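Descriptive analysis of the structure
Spelled out, the chains give:
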Amino acid sequence: MDYLDRAQAMRAQLIATRRDLHQHPELFFQEIRTAKKITAQLDELGIEYTTGVAKTGVVAHLGEGAPVIALRADMDALPIQEINDAPYKSQTDGVMHACGHDAHVTCLLGAAALLAQDFAAGHLRGTVRFLFQPAEECEDAEGKSGGQRMVEEGALEGVDAVIGMHVISTLPAQHVFVREGAFMAAVDSFDAVVLGRGGHGAYPHEALDPIWLAAQVINAIHGVVSRRKAPVEPGLITVGAIHAGKAGNVIPVEVAMTGTIRSFSAETRQLLVRELENCFRLTQAFGGDYKLKIQYGYPVTVNDPAMARFIQRMASDLLGAESTHEARIETGAEDFSFMAQAAPGAFFYLGAKKDALDRQHHAPDFDIDENVLPTGAALMANAAREYLQAHAPSE
Ligand SMILES: [Zn+2]
Ligand SMILES: [Zn+2]
């Protein structure tokens, strides 16, 4: 029996696991119960694991020696109040699995069960490492997400390739989407203060109006994207918040600004940050000053071309060519990017549209078609098996 049939036989169990996780969502770096649920199932399967990786993550493995393929599932939920009236709706006020990470954990546990049977039967050689990663949605006080911490703590050491899957509530169910190269954006943010000199609104020449300075800066920022960046290179800067002043006849002392920067290559990422700084230097030309703090977030998620083609072939064999598509490039971001920097990586989407409603990710009515759970488990297991077989060391 192939993985799809064997995963279908586990359908009820997979749905029960997903619903249990969905009812008990946990925020970033607080996935204590989720980790317990994972280790309980790993115990049943006789799979060895380490807990407390990246604070609340779990790393498990099957087999030994080379090659080593890693499969990743993120575990965290979001601070959103669920409005669905499903019997499995969140039981925690204000917290919800609104990105489908409950499904990712479920599918990876399903893949572990499938692969455990094959290792026990002696059908597979090499190592499958299972990365149950906390905190994809949010960084901690030190500015680090779960994926970044996992890499820093060595969870990717010795790994030959790493694979991640995301269910997508807005894409057709049971269809796979993958692309070579840059897939999801790098995300950085900035906090800035434009410094002038306060004074009377009727005597602007005696003061230095920071609102006027900020206006020059904002104009320059929007010019950067069209005039300083190559037009064929995607990237953007959005000034999302600006605060200054209290009264119409008072020139304030300063203007606070904050925004987001998105890019798809290391070069464009550096260029946008450098040019942003230049924009703020305009304040100095007029005798003002500025403070600018860049917070580097997730790097661009880049799929290794060979790994992306491997996923495309594998999914096409399992589900049919008509169910396998090229994914669009996204201005959203993923902290799988840290793992794909540590080893050749492939990130792919599994469409999971539930019904005719427009159920967006991070929305209070998010939900998925649970029929994709066996498919997700089979895809992850099949990717691992085919990778190990294709990269078996010659004897
Ligand atoms: Zn999300
Ligand atoms: Zn997500």
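Residues numbered from 1 in each chain as written. Chains lettered and ligands numbered in written order. Predicted model: local features only at pLDDT ≥ 70, side-chain atom pairs only at ≥ 80, totals over all residues. Heavy atoms only, no water.

**Thoughts on the overall build of the protein**
Check the secondary structure of the protein and you find ten helices and 16 strands. For the C-alpha atoms alone, the extent of the protein along its principal axes is close to 85 × 50 × 40 Å. A buried classification covers 55% of the 395 residues belonging to the protein. Of the contacts formed within the protein by residues at least 6 apart in sequence, a portion of 80% connects residues at least 24 apart. Entry remark: accessible area of the protein is about 16,900 Å², with carbon and sulfur atoms responsible for 51%. Computing the positive centroid from 33 side-chain charges and the negative centroid from 51, the protein places the two 3 Å apart. (Helix = DSSP H or I, 4+ residues; strand = E, 2+ residues; numbered from the N terminus. Buried < 20%, exposed > 50% of the residue type's maximum accessible area, 1.4 Å probe, protein only. Contact = heavy atoms within 4.5 Å. Areas by Shrake-Rupley, 256 points an atom, 1.4 Å probe, with all protein chains shown as cover. Lys, Arg positive; Asp, Glu negative; His and termini not counted. Charge placed at Lys NZ, Arg CZ, Asp CG, Glu CD.)

**A few points about the coordination of the zinc ion (ligand 1)**
Angles between donor atoms at a metal ideally measure 109.5 degrees for a four-coordinate tetrahedral arrangement and either 90 or 180 degrees for a six-coordinate octahedral one. Listed as protein donors to the zinc ion (ligand 1) are Cys99 (SG), Glu137 (OE) and His362 (NE2); their distances from the metal cover 2.0 to 2.2 Å. Here the donor residues of the zinc ion (ligand 1) are spaced in sequence according to C-x37-E-x224-H. The class for Glu137 is partly exposed, based on a relative accessible area of 22%. Here His362 falls in the partly exposed class, since its relative accessible area comes to 39%. (Donors = N, O, S within 2.8 Å, 3.2 Å for Na, K, Ca; no water.)

**A closer look at the domain arrangement of the protein**
Each assigned domain of the protein is listed here: domain 1 (3-184 + 300-390) and domain 2 (186-296). Spacing between the C-alpha centres of domain 1 and domain 2 amounts to 39 Å. Taken together, the contacts link ten residues of domain 1 with seven residues of domain 2. Where domain 1 meets domain 2, there are zero salt bridges. Across the domain 1-domain 2 interface, the total number found is one residue pair in polar contact (both at pLDDT 80 or more). Grouping the constituent residues of the side of domain 1 that touches domain 2 by class yields six nonpolar, two polar and two charged. (Domains from an automatic or database assignment. Salt bridge = Lys/Arg side-chain N within 4 Å of Asp/Glu carboxyl O. Polar contact = N/O pair within 3.5 Å; in protein donor to acceptor, adjacent residues only side chain to side chain. Nonpolar A, V, L, I, M, F, W, Y, C, P; charged D, E, K, R; others polar.)

**Describing the coordination of the zinc ion (ligand 2)**
In the first shell of the zinc ion (ligand 2), the protein supplies Cys99 (SG), His101 (NE2) and His166 (NE2), at 2.1 to 2.5 Å from the metal. In this structure the zinc ion (ligand 1) is found 3.1 Å away from the zinc ion (ligand 2), and Cys99 serves as a bridging donor for the pair. Placement of His101 in helix H4 (residues 101-120) and of His166 in strand E5 (residues 161-168) is noted, with a sequence separation of 65 residues between them. By relative accessible area, His166 is classed as buried at 6%.

**Looking at helix H10 (residues 372-390)**
The terminal C-alpha atoms of H10 lie 26 Å apart, and with 19 residues this matches the ideal 27 Å at 1.5 Å per residue to within 8%. Most of H10 is tucked away: 16 of the 19 residues are buried. (Expected span 1.5 Å × (residues − 1).)

**Section: the nonpolar core**
Within soluble globular proteins, side chains that are nonpolar tend to cluster in buried spots. Counting residues in hydrophobic clusters, the biggest one holds 70 residues, and the most contacted among them are Leu71, Leu115, Phe130, Phe132 and Ile163. With twelve residues, the top contributor of residues to this core is H4. Beyond its immediate sequence surroundings of up to four residues, Ile163 is in contact with Ile69, Ala70, Leu71, Arg72, Met307, Phe310, Ile311, Phe336, Ala346, Phe348, Met380 and Ala383. Val194, Val224, Phe280 and Leu292 belong to the second-largest nonpolar core, a separate cluster that totals 23 residues. (Core = buried A, V, L, I, M, F, W, Y, C linked by side-chain atoms within 4.5 Å.)

**Thoughts on the layout of surface pockets**
Any empty space left between the atoms is revealed when a probe the size of a water molecule rolls over them. Within this model, the largest pocket holds a volume of roughly 860 Å³. Around the largest pocket sit 31 residues that line it, and Met184, Arg262, Gly332, Ala333 and Glu334 are the ones nearest its centre. Secondary structure elements with two or more residues in the lining of the largest pocket: E5, strand E7 (181-184), strand E8 (186-195) and strand E13 (289-296). Its residues placed into classes, the lining of the largest pocket shows 13 nonpolar, ten polar and eight charged. Residue-level mapping places the lining of the largest pocket at the junction of two domains, with at least three residues from each of domain 1 (3-184 + 300-390) and domain 2 (186-296). (1 Å grid on protein atoms, 1.4 Å probe; cavity = no way out; pocket = protein on both sides within 12 Å on 5 of 7 lines; lining within 4 Å. Points joined across faces, edges and corners; volume = space filled by probe spheres on them.)

**Structural notes on the packing of aromatic side chains**
For the structure on display, the rule yields ten aromatic pairs. Both rings, one in Phe347 and one in Tyr349, keep their centres 6.3 Å apart while their planes meet at 75 degrees; by these two values the pair is edge-to-face. Assessed through its relative accessible area of 0%, Phe347 is described here as buried. Classification of Tyr349 by relative accessible area gives buried; the value is 5%. Ring pairing ties together the aromatic residues Phe183, Phe336, Phe347 and Tyr349, which thus form one cluster. (Phe/Tyr/Trp six-rings, centres within 6.5 Å; stacked < 30°, edge-to-face > 60°.)

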